[in-house]
Amino acid sequence: MIKLENVTKTYKGDVVALRKASADINKGEFVFLVGASGSGKSTFIRLLNKEEVPEEGHIYVAGKDIGQLSSWKVPYLRRNIGCVFQDFKLLMNKTVAENVAFALEVIGRPRHVVRTQVPAILELVGLKNKMGRYPHELSGGEQQRVSIARAFVNRPLILLADEPTGNLDPTTSVGIMRLLDRINRTGTTVVMATHDRGIVDTMRRRVIELDRGNIVRDQSRGVYE
Ligand SMILES: Nc1ncnc2c1ncn2[C@@H]1O[C@H](COP(=O)(O)OP(=O)(O)OP(=O)(O)O)[C@@H](O)[C@H]1O
């Protein structure tokens, strides 16, 4: 589903964020990216949806070399990839339902699809009773559920999550991880960057560890360190 071949990404100022990284992630896998701050986890994630472009190497997503994609095709790549962030990135002037609906509207889904899919996904994330609320009326955990609903409403092949529990307390984080686990069990490939040792050690999924841009460990049913 995702393949990196000798991928190197250098930022301005000669910061090597990723160095000759190779990894092969199969459909339906759940992969944790771990490593110290600045080790390259977010860069790894941003390369997968072509927010960043590597200087060297190849990245394949769903069988396609994304380096070969012309810019007008990038939105089509991104339809296959849902993204969840630490800071939720919800639209504050839209309700819960409108935030989720917007993700379908921008890709041109017909109104009847939006009308059925939005309540269905909000039911899945346990927020059907808060469809009309605005983000500021929700807890952090609830806001993250909305952002997961938005990322998943289009049933992408891949879900990328960059520290999705970074702003949440441990109990709320467990709920979010249950949800991501459930989404993964539908066959969605999940790649999640995290600093949360407890989550990684509890879930025992594949762990890719980065250290100053190098993949230093790739372990199935791994632990944080
Ligand atoms: N847009 C950018 N321009 C310049 N340097 C950058 C940029 N983004 C990241 N870097 C640098 O690249 C390196 C890797 O950063 P990255 O954000 O991928 O690490 P990370 O493991 O996700 O860190 P954190 O856990 O703190 O989020 C760091 O040295 C960082 O300072």
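Each remark here, short or long, concerns the structure printed above.
Each residue is numbered by its place in its chain's sequence as written, counting from 1. For this predicted model, a pLDDT threshold of at least 70 governs which residues receive local features, and a threshold of 80 or more governs which side-chain atom pairs are given and counted, while totals over whole chains, interfaces and linings are taken from all residues.

A word on the sheet that holds strand β8 (residues 189-193). Spatial ordering of the open sheet is given by β6-β7-β8-β3-β9-β10, a layout of 6 strands whose pairing is mixed. Each edge of the sheet is formed by a strand with only one pairing partner; in this case those strands are β6 (81-85) and β10 (214-219). Between one strand axis and the next, the sheet turns by 15 degrees as a mean value, whatever way the strands run. For two strands to count as paired, DSSP must find a minimum of two bridges between them. A helix here means a DSSP run of H or I that spans at least four residues, while a strand means a run of E at least two residues long, and both kinds are numbered starting from the N terminus. Where strand β3 (residues 30-34) meets strand β9 (residues 206-211), 4 bridges bridge the pair, whose relative direction is parallel. Bridge pairing in β9 links Val34 to Glu209. The contact rule is simple: place each C-beta atom from the backbone, and if two of them lie within 7 Å, those residues are in contact. Comment: axis = line fitted to C-alpha atoms, over the contacting stretch for helices; angle = value between 0 and 180 degrees taken between N-to-C directions. Lying over the sheet, helix α5 (residues 140-152) contacts β6 and β7 (158-162), oriented at roughly 165 degrees with respect to β6. Contacting β3, β7 and β8, helix α6 (residues 170-185) crosses the sheet at an angle of about 150 degrees to β8.

Within the largest apolar cluster, 62 residues are counted, with the highest numbers of intra-cluster contacts made by Leu33, Val100, Leu122, Ala149, Leu159, Leu160 and Val190. Considering each element in turn, this core owes the most residues, 6 residues, to helix α3 (residues 96-105). Note that the domain bounds reflect an automated or database-derived domain assignment. Built from parts of two domains, this core gets at least three residues from each of domain 1 (1-80 + 156-224) and domain 2 (90-155). Apart from residues lying up to four places away in sequence, Val100 is in contact with Val118, Ile121, Leu122, Val146, Ala149, Arg150 and Val153. Each nonpolar core comprises buried Ala, Val, Leu, Ile, Met, Phe, Trp, Tyr and Cys residues, the members being joined through C-beta atoms within 7 Å. With C-beta atoms placed from the backbone, a residue is buried if 20 or more other C-beta atoms are within 10 Å of its own, exposed if 12 or fewer are, and partly exposed between those counts.

The strand order across the open sheet formed by 4 strands is β2-β1-β4-β5, and the pairing between neighbours is antiparallel. Whereas interior strands pair on both sides, the edge strands pair on one side only; in this sheet they are β2 (15-25) and β5 (64-65). One ladder, built from 5 bridges, connects strand β1 (residues 2-11) with strand β4 (residues 56-61); its direction is antiparallel. Following the sheet pairing, Glu5 is matched in β4 by His58. Docked against the sheet, helix α1 (residues 41-48) engages β1, β2 and β4, running at close to 120 degrees with respect to β1.

Turning our attention to the packing of α3 against α5. Where α3 meets α5, the axes come as close as 8 Å, and the angle between the chain directions of the two elements is 25 degrees. Taken as axis vectors, α3 and α5 run roughly parallel relative to one another. Regarding α3 and α5, the two cross each other, and that crossing is right-handed. When α3 is examined against α5, the residues Val96, Asn99, Val100 and Ala103 are found in contact with a partner set consisting of Val146, Ala149 and Arg150. Think of it as three bins: nonpolar holds Ala, Val, Leu, Ile, Met, Phe, Trp, Tyr, Cys and Pro, charged holds Asp, Glu, Lys and Arg, and polar takes everything else, Gly as well. A per-class count over the contact of α3 with α5 returns 5 nonpolar, 1 polar and 1 charged. These descriptions rest on fixed angle ranges, namely under 35 degrees for roughly parallel, over 145 for roughly antiparallel, 65 to 115 for roughly perpendicular, and the rest for oblique. Definitions for this section: a left-handed crossing has its near helix turned counterclockwise from the far helix by less than a right angle. A right-handed crossing has that turn clockwise.

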